[in-house]
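# Overview (structure and organization)
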Amino acid sequence: MAIVAGVDFGTLSVRVSIIDSEHGRRGSAVAEYPLHRKREDPDYATQAHEDQMRGLVAATRNAVADAGINGHQVEAIALDTTGSSVVPVDSAMQPLSEYYLWCDHRAHEEAQEITALAHKENLEAIEWCGGVYSHEWGFAKLLHWLRHNPGKRAQFASAFEHCDMVAAALCGITDPKKVKRSVCAMGHKWMWNPKWGGLPSQSFLSKVDPLLDGVRDKLEGEYLTSDHLAGHLSPYWAGEMGLRAGIPIPVGAFDAHWDALGAGCKEGDVVNVVGTSTCIVAMAKQAELIPGVCGVVPGSVHPRYTGVEAGLSATGDIFQAIANRAGVKVAELSKGLEDYRAGQTGLLRLSWDNGDRTVLVNPELGGVTFGWNLVHTAQDELFAAIEGTAFHTRIILERMAEHGVPVDRVINGGGIPQSNAVLNQVYANVLGKPVLVPAGVPTSLGSGIFALVATGKYSTVEDAQAALCLDFATVAPDPVAAATYERIYPLYRAAYFTLGTRTAPAAALGNILPELRKIAAEVMAAA
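The following paragraphs examine the structure supplied in this document. (Residues numbered from 1 in each chain as written. Predicted model: local features only at pLDDT ≥ 70, side-chain atom pairs only at ≥ 80, totals over all residues. Heavy atoms only, no water.)

Side chains of strand β7 (residues 86-89) alternate between two faces, with Val86 and Pro88 and Val87 and Val89 buried alike. Two elements, β7 and strand β9 (residues 158-161), share four bridges in a ladder whose sense is antiparallel. In the strand pairing of β9, valine 87 is matched with phenylalanine 160. (Buried < 20%, exposed > 50% of the residue type's maximum accessible area, 1.4 Å probe, protein only. Helix = DSSP H or I, 4+ residues; strand = E, 2+ residues; numbered from the N terminus. Pairing = 2+ DSSP bridges.)

Attention now goes to the nonpolar core. Core analysis: the largest hydrophobic core is formed by 80 residues, its most contacted members being Ile18, Leu56, Leu170, Leu233 and Met241. Those residues within four positions of methionine 241 in sequence are excluded, and the remaining contacts are Leu56, Val57, Thr60, Arg61, Ile77, Leu170 and Leu233. Core analysis: the second largest hydrophobic core is formed by 64 residues, Trp128, Leu312, Val426 and Tyr492 among them. (Core = buried A, V, L, I, M, F, W, Y, C linked by side-chain atoms within 4.5 Å. Contact = heavy atoms within 4.5 Å.)

What follows covers the packing of helix α2 (residues 108-120) against helix α4 (residues 138-148). Following both chains from N to C, one finds α2 and α4 inclined at 125°, their axes separated by 8 Å at the closest point. In this view, α2 runs oblique relative to α4, as classed from their interaxial angle. In this structure, α2 crosses over α4, and the sense of that crossing is right-handed. Only Phe139, Ala140, Leu143, His144, Arg147 and His148 of α4 make contact with α2, whose side of the interface consists of Glu110, Ala111, Glu113 and Ile114. Its residues placed into classes, the contact of α2 with α4 shows five nonpolar, two polar and three charged. (Axes fitted to C-alpha atoms, helices over the stretch in contact; angles between N-to-C directions. Parallel < 35°, antiparallel > 145°, perpendicular 65-115°, else oblique. Left-handed = near helix turned anticlockwise from the far one by under 90°. Nonpolar A, V, L, I, M, F, W, Y, C, P; charged D, E, K, R; others polar.)

On the secondary structure map, serine 226 appears in the loop between β11 (223-224) and β12 (229-232). Note on serine 226: relative accessible area 9%, which makes it buried. Of note is the side chain of serine 226, whose polar atom sits 2.9 Å from the backbone oxygen of valine 251. With residues up to four places along the chain from it excluded, the contact list for serine 226 reads Pro250, Val251, Gly252, Ala253, Trp258 and Phe450. (Polar contact = N/O pair within 3.5 Å; in protein donor to acceptor, adjacent residues only side chain to side chain.)

Topologically, alanine 58 is positioned in helix α1 (residues 49-67). The spatial distance from the C-alpha of alanine 58 to the C-alpha of alanine 29 is 8.5 Å, given a sequence separation of 29 residues.

Axis separation between helix α13 (residues 378-402) and helix α17 (residues 479-499) bottoms out at 10 Å; the angle between their running directions is 75°. In terms of orientation, α13 lies roughly perpendicular with respect to α17. Within the contact between the two elements, α13 uses Phe383, Glu387, Gly388, Phe391, His392, Arg394, Ile395, Glu398 and Arg399 and α17 uses Tyr485, Glu486, Ile488, Tyr489, Tyr492, Arg493, Tyr496 and Phe497. Considered class by class, the residues forming the contact of α13 with α17 number nine nonpolar, two polar and six charged.

One open sheet holds the seven strands; their spatial order is β17-β18-β16-β15-β21-β22-β23, and the pairing between them is mixed. Each edge of the sheet is formed by a strand with only one pairing partner; in this case those strands are β17 (295-298) and β23 (472-475). Across this sheet, the average inter-strand angle for adjacent strands is 25°, counted without regard to direction. Where strand β15 (residues 269-274) and strand β16 (residues 278-284) come together, five bridges link them in antiparallel fashion. Counterpart to valine 274 in the pairing with β16 is threonine 278. Strand contacts of α13: β15, β16, β18 (306-312) and β21 (409-413), with the helix running at about 150° to β18, the strand carrying the most contacts.

So, about the side chain of histidine 376. For histidine 376, the position within the fold is in the loop between β20 (369-370) and α13. Polar contacts involving the side chain of histidine 376 include one to the main-chain amide nitrogen of asparagine 373, which spans 2.9 Å. Sequence-distant contacts of histidine 376, defined by excluding residues within four places in its chain, comprise Thr345, Leu347 and Gly371.

Bringing the pattern of salt bridges into the picture now. Scanning the entire structure with this criterion turns up 22 salt bridges. Across the pair lysine 180 and glutamate 222 runs a salt bridge whose closest N-O atoms are separated by 3.6 Å. Of this pair, lysine 180 sits in the loop between α5 (162-171) and β10 (181-182) while glutamate 222 is found in the loop between α8 (215-218) and β11, placing the two residues 42 residues apart along the sequence. Taking the relative accessible area as the measure of exposure, lysine 180 reaches 21% and is therefore partly exposed. Residue classification places glutamate 222 among the partly exposed residues on the basis of a relative accessible area of 44%. (Salt bridge = Lys/Arg side-chain N within 4 Å of Asp/Glu carboxyl O.)

Written out as structure tokens, the structure reads:
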């Protein structure tokens, strides 16, 4: 038997699970940390590295206590994080500012400039990240930081994704050149790919802005999949966390990618990691370019497969915002949603409250709801928002399938599906196929899988998955609801592609409101 620690850094908290190779999760703990936002700038979202490390220490000690073990029994620790969450550092690996968190959207202009030049220069990398470079990604955030922090530019030595920064800190690495970088993070968010020799050329980056002169060298280093080691736990952090110094730490990855493996993802599966946002993850032996899909990267999810990533920029955040405006908690507002029927509200709600990540890749979009009348309630909007995120997910899955990614099984992972049966049923009805839901919380199991592989207890990801992954509950589509959604889905597609595309003809919207009213009336009459 081997005992390891699996770490998952989320948007608001870090979860540490103590996992053994024979019995799975033995204990866990969560520690929160602040998310810094500004009311006057809704695109602003940062976190302090020090807050996150304090959270990691507290959660690790509490998880060890919850498991009833001695921390020195832990044989490896592995971690995943949000991304693209970027921190610039000096030559001693000290942060020069807080992380530009994944949901920090200040780098709109920078992303547009990168996209425009990439197409002008016929940069192959832009095609492999969906044809549009996102404001959520690394180079855009780094350029924004350089432009807005002139007094710190002289100290700038490199920039790191959250997963690489934490691993380097735990290993005691103080030279940016010696940090191992995650293929997952750099491939999906920094246009890295061995196909064209790694990162985009320095000449391209300098053409974007001379502030990026020399940045390619500053981002150099080993780029590795997560079956390699970032290093070993330093004596300092071992003492802080109550663990044994010298235990291996695999190269990290993004939370959704490892959550997908922890949820049992295999080739042919698509995992919807549904939380504050949704990350949609798949993997295939071979994958082609997928327009509008934010990343197709060898080794990013599973070391031997090409990882495919897409997603919604807000999901749980939308539900929370609706509840906040109503002055209640989401759980309270959700009571009674199980009695709602497909299409009964007459509302059609797009999921653009935080922009569009896939397939339009447009941060300038905003929330839209069709069909309001004078008696609609916040609960009606919440149900319509669940339907809307399901419709958006269907658009993404159809795009992936059109370009060779098999969609044989749909797994709803992440935190929300564990406590929201209505969401799982709506997704099954909208997608028209069974949805599998892990029978328990899969968060941090992916980290545990790679930690156990690092100990040598299991030689492959698949062997570790067989030992750790949870059983599934199957949510089958309701035929009546599925038939109703087949009528509504074309209306959603029309709204999505017409409003989301500047050159689309507005006439495509003319049928939406009368059809929504007609469907709602028929649903209510049938009830």
